[in-house]
Structure formats: C-alpha cells, structure tokens
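Coordinates in review
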Amino acid sequence: MTLAMRLFTTGEERAEIRPWTQLLAVALVGSALGWIAWGQGRAPALAALLPLLLAACRTRGQAFVLGMAYTLLMERHNPAFIGSWFGNSLVIGWAAETVYVLVSGAVWSLGWSASGKPWRKALAVVVAWIVALLPPVSLGVAGHPVIAWGTILPGSGWVGVGLSVLGPATMVWLVARHRPSAKSLAAVLALLGAALCTIGFARFESPSRATPAAVGVTTEWGQNVSVDGILQRVASMGEVTRTLATQEAPTTVVWPESIIGTYNPALYPVLNIEVLSVARASGQTHIIGMDLVGDGNRYENAAVAFYPDGRTARAVARQPAPVSLWKPWRKTDTFVADWSANNVLTIGATRRAAFIFCYEEYMPFFYLLNELQGPVDLYVAMANTWAAESPEAAEIQTQHSFGMARLFGRPYIKAENRPLPSSKN
C-alpha cells in the first residue's frame, strides 16, 4: 500500500524506490486497469481513469509501461484470437499482439508531460486522447476512454465526448497547479477508481440482440470452409427465416458479417428459395453479411439488404481487419478500406441504421463520424468471431461498440457468428 501511494511522488522521495520497482508497480496498476475494466462482468467505466494515471506517472517511460500493461491485459485473448486466422499460430498471434502493445504504449505515453506548467500537462492529456482516437493510429489502439462514458453518462452524446477529454484534462491541470502530496493524490485516484467501478457495475446493461423493428441473429457456425458448408448455412438460414416469418415482429432480420462468405451469383437461386422468397412473402427485410468481389479481386465486406419489394442496397465496412483481410501493400486480393464509404441502410419506412463491422467495433472514431454525418436511429454491429477461442474475447469487442451506442443513446443490436460449440473452451 505504501508503494502504491508513492507511485507518483517527485523530488527526494524518488530515491526511496528503485526505478525497476517503480516500473513494476506501474505495470501492475496498468494491468489491473485493463483486467478490471474489460471482460465478462467487468466495468468499462473504469477505463475513464486511464488519462489521470498516465499524467500522474513520474516519467514518460512509466507512462509507456502503464499503457502497454493496460493494453496487454485488456487484449489478453488476442494472441489466440489472431493466431486462429493464421493456422492457429500463436507465434503470429503474439507477434501481432506485441505490435499492438508497443503502439498503444507509445500513444498513451503522449498523455504524460515533463513540463511543470499545468496547461502543458493538461494539453498532453488532450493530445493522447486525440491521437488514440483518429485513424490510422486508432487501428492499433483499443480501449479508448471515451467508450467508458457510455456507462458513466449514457445518452449524453457530444457532451459526454467532450467530458471524456476535458474532464481528465481539467483534473490534471488542477493537480499540477496545487501540487497535492503523493498520499493525497494516490487517495484521490483510488477513490475515483472505486467510484467508477461502482458506476460500471451499477449501470451494467447487456447489449440487445433485438429491438421491436429489427433482430440480430446469433449463429455458432464457425469458419467458412467449403461450398457445401455455405449451402448448409443457407439451409439453416431458411429454417430461421421460416420461424421468424410467423411472427409479427421484427420487420428486419440482420445476419452476421460474412455469413455466406464470398458471394457467388450461382448461390442466388438457393438463397432465394430458402430465405428471400419467404422473407418477401412475410414482408420482412433481410440484411445478409457477405464479401463482394470487385475489379482486380478487391473485396468489400458488405451488408446487403434485400427488401420485400425486390430492391437491394448495401452498406460496406470502412476498415476491415488489417493483414488478415485488409492488405494495404497489395493492389489485388485484398479487402478495401475506405473511411468515407457508406455504412448506413434504411430499415422499416424511414429508420437509418448505421452498420459497424467487426474490427471497427474497437474504433470509436467511426461512431463519431456517423454522428457528425447525421443522427442515426439504430446501430447494428455485425461480427464474425469464429476465431475467438474464449467467449470473453468476443465480449470485450462487443463492450467497445455497445459503449459508444450507449453514449449517444442509440438502440443497438448485434448479429454475430461464433465458433462451433465443439471448439469453445
């Protein structure tokens, strides 16, 4: 306890604790933050404490270690998750995770300043918040504190966004100006952490898979492996469709990301018989995740809407997963990343639904972009988490997107394809 209360001391007190002990203590604090804030039954609201802890570090090196530890424990399932995309290679999984951890540590360390001027310390918090939020850096930085405010102040919208950066910056400015003792600062941080944990657990809310107007289908079909496997999926989709067709609601059914893999026009007759004709007869819209092939074998990760009147429309992913899908060094055989692409579809008569695709769930920037372009009536997350060996990995991903939907007070549903039941831990 004495060590924890002296983590952020200055002056003569520094000599009392060896540098390696200080780094170890900082790493433990960052690890605890990542572990407690993210996961099943956890409190993402606690992530709002990250900027204050970074600013309170003694050195930029300590802030770097804090950011790395926070990321590593938050992404504790990532090595196996990522490795599943590459032949279950933990070497590749850990290599990718190492990059994420190093990038995150470097970005979050920008939240620390050596200056004695309060305004510069406060500005550092703002800089780290902005850099971590914006692409391309946000491709490798998860757990942004703005997400925490979806639990702290649900429905606050842009006010909550502003408070997520100005609140910590103001507190850092006050601390730098008044210079409280190390014990006082540690006590304040501990009380804030306890309060945020309490808020997080008290305001816990499970993300919805359905609203009166739309339902997101959850499947456990694992990875796409063959043409026969896709045909079996379509047959299973038909069974679900016939069941939903007997119900008055919903009017819109959303299937998971890439649920039928790469779309081939030869599949349409089967899809029409099993799913679309039944949906049209019942007046339902079905939105199906699929990969569309364009010129030069450039793929789009898309949500294609099939309306009862025969019309179709599509929304596409703005940022597919790097390396496994998006290969920026290639001109062909890669998924397309386009941050200006349309991701909004109309459901029902006039409701605007914004679609967030899998990897984008980690990037609150895309939610803010949607809100800047015009308010939406519903957020729909589409995911293909067949590679998530632990259900908690998928849960952490969901917490990111659900937190942003809560922040703006938007209804939220998710359509997700999970691993085969036999492959779960």
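Here, every reference points to the structure presented above.
Parameters and conventions
Residues numbered from 1 in each chain as written. Predicted model: local features only at pLDDT ≥ 70, side-chain atom pairs only at ≥ 80, totals over all residues. Heavy atoms only, no water. Helix = DSSP H or I, 4+ residues; strand = E, 2+ residues; numbered from the N terminus. Rg over C-alpha atoms; globule rule 2.2 N^0.38 Å. Buried < 20%, exposed > 50% of the residue type's maximum accessible area, 1.4 Å probe, protein only. Areas by Shrake-Rupley, 256 points an atom, 1.4 Å probe, with all protein chains shown as cover. Lys, Arg positive; Asp, Glu negative; His and termini not counted. Charge placed at Lys NZ, Arg CZ, Asp CG, Glu CD. Expected span 1.5 Å × (residues − 1). Disulfide = S-S within 2.5 Å. Axes fitted to C-alpha atoms, helices over the stretch in contact; angles between N-to-C directions. Parallel < 35°, antiparallel > 145°, perpendicular 65-115°, else oblique. Left-handed = near helix turned anticlockwise from the far one by under 90°. Contact = heavy atoms within 4.5 Å. Nonpolar A, V, L, I, M, F, W, Y, C, P; charged D, E, K, R; others polar. Core = buried A, V, L, I, M, F, W, Y, C linked by side-chain atoms within 4.5 Å. Salt bridge = Lys/Arg side-chain N within 4 Å of Asp/Glu carboxyl O.

**Points about the overall build of the chain**
- Within the chain, the secondary structure is distributed over 14 helices and 11 strands.
- What you see for the chain is a C-alpha radius of gyration of 23 Å, in line with the 22 Å of a compact globule of 425 residues.
- On the principal axes, the C-alpha backbone points of the chain span a range of 75 × 40 × 40 Å.
- Taken across its 425 residues, the chain has 55% of its residues classed as buried.
- In the form shown here, the chain has an accessible surface area of approximately 18000 Å², with 63% of it arising from carbon and sulfur atoms.
- For the chain, the distance from the average position of its 32 positive side-chain charges to the average position of its 26 negative side-chain charges is 11 Å.

**With respect to helix 14 (residues 391-407)**
- Over its 17 residues, helix 14 extends 24 Å from the first C-alpha to the last, a length consistent with the 24 Å expected when each residue adds 1.5 Å.
- Phi for Gly-409, located one or two positions after helix 14, is positive at around 65°.

**Observations concerning the state of the cysteines**
- As enumerated under the stated definition, the model contains zero disulfides in all.
- Note on Cys-57: no disulfide assigned, nearest cysteine sulfur contributed by Cys-197 at a separation of 18 Å.
- The buried category is assigned to Cys-57, whose relative accessible area is 5%.
- Looking at Cys-197, the relative accessible area reads 17%, which means it is buried.

**Remarks on the packing of helix 4 (residues 60-74) against helix 6 (residues 90-108)**
- As a packed pair, helix 4 and helix 6 sit with axes 7 Å apart at the nearest point and diverge in direction by 140°. Regarding the angle of helix 4 to helix 6, the classification is oblique. By crossing handedness, the relation of helix 4 to helix 6 is classed as right-handed. Across the interface between the two elements, Phe-64, Gly-67, Met-68, Tyr-70, Thr-71 and Leu-72 of helix 4 pack against Trp-94, Glu-97, Tyr-100, Val-101, Leu-102, Ser-104, Gly-105, Ala-106 and Trp-108 of helix 6.
- Across the contact of helix 4 with helix 6, the residue classes tally to 10 nonpolar, four polar and one charged.

**Quick word on the nonpolar core**
- In this structure, Trp-38, Leu-49, Tyr-70, Trp-108, Tyr-379 and Met-404 are the most contacted members of the largest nonpolar core, which totals 65 residues.
- Here the element with the most residues in this core is helix 4; it accounts for seven residues.
- Here Trp-38 is in contact with Pro-44, Ala-47, Tyr-70, Met-74, Arg-76, Gly-143, Ile-147, Ile-396, Gln-399 and His-400, once residues within four sequence places are set aside.
- Judged by nonpolar contacts, the second largest core, of 22 residues, contains Val-215, Ile-259, Leu-267 and Phe-306.

**Structural notes on helix 13 (residues 365-373)**
- Counting buried residues along helix 13, seven of its nine residues qualify, which places the element largely inside the surrounding structure.
- Those residues of helix 13 that fall on the buried side of the exposure criterion are Phe-365, Phe-366, Tyr-367, Leu-368, Leu-369, Asn-370 and Glu-371.
- Trailing helix 13 by a residue or two, Gly-374 shows a phi angle of about 140°, which is positive.

**Topic: the pattern of salt bridges**
- Summed over all chains, the structure comprises 10 salt bridges.
- Salt bridges here are not isolated pairs; linked through shared partners, they connect Arg-42, Arg-76 and Glu-392.

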